[in-house]
Amino acid sequence: MSQVNRIAGSSKRINRNRTLTFSFNGKEYKGFEGDTVASALLANGVDVVGRSFKYSRPRGIITSDSQEPNAIFQIGSSQATTIPNPRATQTDLYQGLTASSTNGWPNVNFDLMATVGKLGGSMMPPGFYYKTFMFPQSLWMSYEHLIRKGAGLGASPQQSDPDSYDKMHHHCDVMIVGGGPAGLAAALSAAQTGARVIISDEQNEFGGSLLCSTQQIDGQLPSQWVEKTVAQLSDMDNVMLLPRSTVFGYYDHNLVGINERRTDHLGEHQLQSTRQRVHKVRAKQVILATGAHERPLVYGNNDVPGCMLANAVSTYINRYDVVPGNKLVLMTTNDNAYKTAIDWHQAGRQVVTIVDTRKASSGELVNKAKQLGINVIFGHAVIEVKGGKRVKGVDIAPINPENHSVTGAAKHFSCDTVASSGGWSPVIHLSSHTGSRPVWKDEIAGFVPGDTVQQQHSCGGLEGVYALSKVISDGFTTGAVAAQAAGKGEGRYTGQLPKTTDPQEDVSMALFHIPHVKKTSRAPKQFVDYQNDVTAAGIELANREGFESIEHVKRYTALGFGTDQGKLGNINGMAITAKSLGKTIPETGTTIFRPMYTPTTFGALAGADVKHLFDPARFSAMHKWHLDNGAEFEDVGQWKRPWYFPQPGETMQQSLERECLATRNSVGILDASTLGKIDIQGKDAREFLNRVYTNPWSKLGVGKCRYGVMCKEDGMVFDDGVTVCLEENRFIMTTTTGGAAGVLQWLELWHQTEWPELEVYFSTVTDHWSTMTISGPNSRKVLEKICDIDVSNDSFKYMDWRAATVAGVKARIFRISFTGELSFEINVQANFGMHTWKAVMAAGEEFNITPYGTETMHILRAEKGFIIVGQDTDGSVTPQDLDMDWVVGKKKEFSFIGKRSWTRFDNKRDDRKQMVGLKPKDPKFVLPEGAQIVFEKNQSIPMTMVGHVTSSYYSACMGYSFALAVVKGGISRKGESVFLPLSDGTTVEAEICSPVFYDPKGDRQNV
Amino acid sequence: MLLIHCPYCEEMREEEEFSPAGQAHIERPLNPEEISDEQWAHYLFFRKNPRGLHHEMWLHAAGCRKYFNVTRNTVTYEIMETYKMGQEPNVTASKEGQS
């Protein structure tokens, strides 16, 4: 297909020497380098690019920028490279680009859902889905699924993204957002003071509105001034230019987030370079020069393809040499938009008429249009468009905006394009991100940035300054002022200002919504937010139903909820709300814009922090041995811990049973290096332990170990572990693997904020040590072979520790037990971990020493009723609930952390959930962890839940399954039966018993 | 994202290095056993939630590991001052003319 709308223009923005082929909805088209997907489609005369969300009406391209609500595509040819929902107006064309509409089924030109839309005109008011699918609530999920399928926008990629992304951090004096005339002027002015300047722009080249303007600067085309200025900036070492870089967010304390699209314009996948890069800029001063967006007018059937923004039409003509139609009707409230008719006329196509809603205007552009012989009708408006998949004509009628009425008969004009302009809205989005409330300015009929606490400046269109000469001088001034605020320069721009003559313009009319002969609710649809099919009638209905706050109107009608985030429709929506409520626009107020300014890919935000770089992993010194011996691993915090060591052909359960039996009957070995270890020193270390642990530490002698429980101030168990007294004023505290960092922070908190008078120091030494636990009746025999001290029960008692040499390496041996068996925990410098482990394995060979992982550790400890904090407790469990009152010091002088709370009323109740053991009636059935417990089997739903299973295993040593659980008042209910209704509908019975199943007297660890 | 001055490191650092630690200037009662459940509950659970100036603790978690105090405006997120543990704020709501 040829490019029917491409004219023989002279734009330098496209490269006619490089033709690019692309496909849209399965059809091949051609465009040029420099085109956007939108300009290329318009060049090829493609009218319908999508279907609307709710009514499934055919939609065409309306804008040429980030406001675009309709040309939202799925771009990319594979499931790995596909991108949902980029705007065709902001997507640079590349060779082979594959695009398709994101909705429309079976295709956009023949859409089954459109039947629904036609029927649904009056049947789908705002809140339709809420009202229709509300009951029964339980079915909402399935309704929603179907609705989304019918309506949906793009689809997520199903395969891993092959591209790479990264991030950069910057500091600068002046960050300038927007590279139009104001931004470029500001950059030049700020940079000349020597300030470090960064300037970014979302388009593929700098220049902003100047890229499609015809107003001369210094007697030359505006694009020449842009080229000269950009060249000047590029030559300066203190300036960084970021084209194709969208500032997506403006955050507190002058942090600016920028997404630079580095290779998106080259193709869908680039192996050699970073596709997108997020720049995080911390700026001393920020200049917002984001300009203004043109506002469409709201009129009947204003969504028929061929209805466009006036300035967008000019952009396509001047920048891309594309005239998107043959016969134009222009409707405007201002002089500025006359440029579009002039551009159209000069492109050699017919301007049917200009319809000006004002009574008269004698501005320069108006006169110029008249001189060119273009027909101008004042005091009229386009009240209705005719056509389906393309504009066929318009009805034009005289209107009275004062009382929102049509005052005379309508005349029909045939045309294929309607350009409208309701004036301009400053792009206040970024200034709103930090919480600043925009302020309405009557003179420009728009919001401008309000007060802010950021070091922020704004200039040009964003301030409602639209005349080019003023925009440029505003830019130069603001750049100098911002540089001075950052400590550079004198605050004044002293260079020569470029010369440009602004056309004299008459006053614009503040008009948003065009009346129709019928009242709004009966008139043809007048769209406000195209993407969400929000109409003027819908907003008025919402107002009538009582939604008066603009925030409520937004949420009820979905105004501004689309991917364009209300850029195109919000001001019109507010104006219609204000009118229907009889308020002014400032009284109605605006909703708040939030990041992202335009959608940003997850890839960009994730940067390089993906896959193995997503989170650091920690490995013990013996990790390679575990790998070599076939361990399966589990993640505990960031640690990779051996979970179990399967032998060939074994199931997990078989491995666990073998590991458990070997440990109980001979000897097993566990890598316990990951347990947190905190070295605590100082003359008040002992006193500090007294205050943070529930049990007493005053009398723990050098060479002894003690188990301790730590509570939070509310009395709930927070961590536990063994602390070892190394010297009179020195201890090693062990913590749970996952709790290590939190415990250290907790100790620091109390020391620094509450008891700074205590002389005590904490240092984490977790990684300094390798720890291996040998456990089982033969563990002493293994240790004896490689150790230089007497390890007999007489000289090395349970809960003692000894310094020794193990396998030639200096070691600390703790005689503590988490399995209930005779156990020794050997700690050596991490560098010697692997050496020592291998020596222990060799020594243990004759006893069939068996490595075991965390799962066997869990089973063995549970058989003994030893808790795991975080599994058997959940932050609502006291030591008393655990039946561990023995760990609470009764005579401690200081009211240690947690103590006072135990006497609070709620913690003294006797129906608190308490830890018990459970024995299922079926000794082979393993209760699911998390299963709820009830007392009465046959109670009707909702049943009274009295607790849940916290740990549950099959014990190979005991030959039956067992569980730990919390049950209301459970400690005094031992011997009673409870019931567990399971998710499969069955109910199983279990008996409450002591949580200590194995060796209740504790003889085995004391031999 | 805040930019926070650590009064111990004496540098402006990114928020990523810090973690918030709740309201500042809460003193643990010296005689927990002698006060009522209600008084204890106030110490345990009751926290201010002002619209405006808030004195709060932060931890320089990825830096010097010190806790310190911050006076921050909860509406604008402006940080008026940071000061060491044990010091009193210079900027307070009453000094700002707020109640």
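Residues numbered from 1 in each chain as written. Chains lettered and ligands numbered in written order. Predicted model: local features only at pLDDT ≥ 70, side-chain atom pairs only at ≥ 80, totals over all residues.

Novice: Go over the overall build of chain B, please, and point to the residues and values.
Specialist: A tally of regular secondary structure across chain B gives one helix and six strands. Put simply, chain B runs from its N terminus to its C terminus through helices and strands in the order β-β-β-α-β-β-β. With the C-alpha coordinates of chain B rotated into their principal frame, the extents come out at 45 × 35 × 20 Å. Residue burial in chain B is summarised as follows: out of 99 residues, 14% are buried. Expressed as a percentage of contacts within chain B between residues at least 6 apart in sequence, the contacts between residues at least 24 apart total 51%. (Helix = DSSP H or I, 4+ residues; strand = E, 2+ residues; numbered from the N terminus. Buried ≥ 20, exposed ≤ 12 C-beta atoms within 10 Å, placed from the backbone. Contact = placed C-beta atoms within 7 Å.)

Novice: Residues and numbers for the sheet that holds strand β4 (residues 53-59) of chain B, please.
Specialist: Residues and elements named next belong to chain B. Spatial ordering of the open sheet is given by β3-β4-β5-β6, a layout of four strands whose pairing is antiparallel. In this open sheet, the two strands that pair with only one neighbour each are β3 (19-23) and β6 (79-84). In this sheet, adjacent strand axes meet at a mean angle of 30° when their direction is disregarded. Sheet topology note: the β4/strand β5 (residues 67-73) ladder contains seven bridges and is antiparallel. The partner of histidine 54 across the bridge, within β5, is arginine 72. (Pairing = 2+ DSSP bridges. Axes fitted to C-alpha atoms, helices over the stretch in contact; angles between N-to-C directions.)

Novice: A description of the interface of chain B and chain A should follow, citing residues and the corresponding values.
Specialist: With 19 residues of chain B at the contact, the number on the chain A side is 21 residues. If one sorts the elements of the side of chain B that touches chain A by residue count, helix α1 (residues 37-45) of chain B sits on top with three residues. Its residues placed into classes, the side of chain B that touches chain A shows 11 nonpolar, two polar and six charged. (Nonpolar A, V, L, I, M, F, W, Y, C, P; charged D, E, K, R; others polar.)

Novice: How would you explain unusual backbone geometry if you had to name every residue and give the values?
Specialist: Here proline 595 of chain A and methionine 596 of chain A are connected by a cis peptide whose omega angle stands at 5°. Residue proline 942 of chain A is bonded to the preceding isoleucine 941 of chain A through a cis peptide linkage, with omega at 0°. Here proline 942 of chain A shows up in the loop between β44 (932-934) and β45 (945-955). Here aspartate 883 of chain A, not a glycine, exhibits a phi torsion of approximately 60°, which is positive. For aspartate 883 of chain A, the location among the structural elements is in the loop between α23 (854-863) and α24 (899-902). Here aspartate 883 of chain A falls in the partly exposed class, since 16 other C-beta atoms lie within 10 Å of it. With a phi angle near 65°, histidine 25 of chain B is a residue other than glycine that sits in the positive phi range.

Novice: Let's hear about the domain arrangement of chain A: which residues, and what values?
Specialist: On domain assignment, one finds that chain A holds domain 1 (15-131), domain 2 (164-292 + 426-485), domain 3 (295-361 + 371-422 + 507-588), domain 4 (676-767) and domain 5 (908-1007). Using only C-alpha atoms to locate each centre, domain 2 of chain A and domain 4 of chain A end up separated by 54 Å. (Domains from an automatic or database assignment.)

Novice: Could you give an account of the packing of helix α18 (residues 652-665) of chain A against α23 of chain A, with specific residues and numbers?
Specialist: Residue and element names in this part refer to chain A. At a closest axis distance of 9 Å, the pairing of α18 and α23 adopts a crossing angle of 55°. Judged on the interaxial angle alone, α23 and α18 are oblique. Two packed elements cross with a definite hand, and for α18 against α23 that hand is right-handed. Where α18 abuts α23, its residues Leu656, Glu659, Cys660 and Thr663 lie against Glu855, Thr856, Ile859 and Leu860. (Parallel < 35°, antiparallel > 145°, perpendicular 65-115°, else oblique. Left-handed = near helix turned anticlockwise from the far one by under 90°.)

Novice: Describe the environment of phenylalanine 962 of chain A, naming the residues involved and giving the relevant values.
Specialist: Residues and elements named next belong to chain A. Assignment of secondary structure puts phenylalanine 962 in strand β46 (residues 960-968). With 26 C-beta atoms counted inside 10 Å, the residue phenylalanine 962 sits in the buried group. The spatial distance from the C-alpha of phenylalanine 962 to the C-alpha of lysine 924 is 9.1 Å, given a sequence separation of 38 residues. Excluding anything up to four places from it in sequence, phenylalanine 962 contacts Gly917, Leu918, Lys919, Tyr953, Ser955 and Phe997.

Novice: Which residues make up the confidence of the model for chain B, and what are the values?
Specialist: Across chain B, the average pLDDT comes to 94, with 95% of residues at or above 70. Overall fold confidence (pTM) sits at 0.91, and the ipTM for the predicted complex is 0.97. (pLDDT = per-residue confidence, 0-100.)

Novice: An account of α23 of chain A is needed here, citing residue identities and associated values.
Specialist: Residue and element names in this part refer to chain A. Along α23, nine of the 10 residues are buried, which leaves the element largely enclosed by surrounding structure. Taken together, the buried positions of α23 are Thr854, Glu855, Thr856, Met857, Ile859, Leu860, Arg861, Ala862 and Glu863. Where α23 is buried, its residues touch β30 (632-636), β31 (639-644), α18, β32 (668-671), β45 and β46. Of the residues trailing α23, glycine 865 is marked for its positive phi of about 75°.

Novice: If you had to explain the sheet that holds strand β39 (residues 801-806) of chain A to someone new, which residues and values would you point to?
Specialist: All names here are of chain A. Across the sheet, six strands lie side by side as β39-β40-β41-β38-β32-β42; this open sheet has mixed pairing. Every interior strand has two partners, whereas the edge strands, β39 and β42 (850-851), have only one. As judged from the four bridges shared by strand β40 (residues 809-814) and strand β41 (residues 823-829), these two strands associate in the antiparallel manner. From the neighbouring strand, arginine 812 faces β41, where its bridge partner is asparagine 827. Against the sheet, helix α21 (residues 779-786) makes contact with β38 (769-775), β39 and β41, and its axis sits at roughly 130° relative to β38, the strand it touches most.

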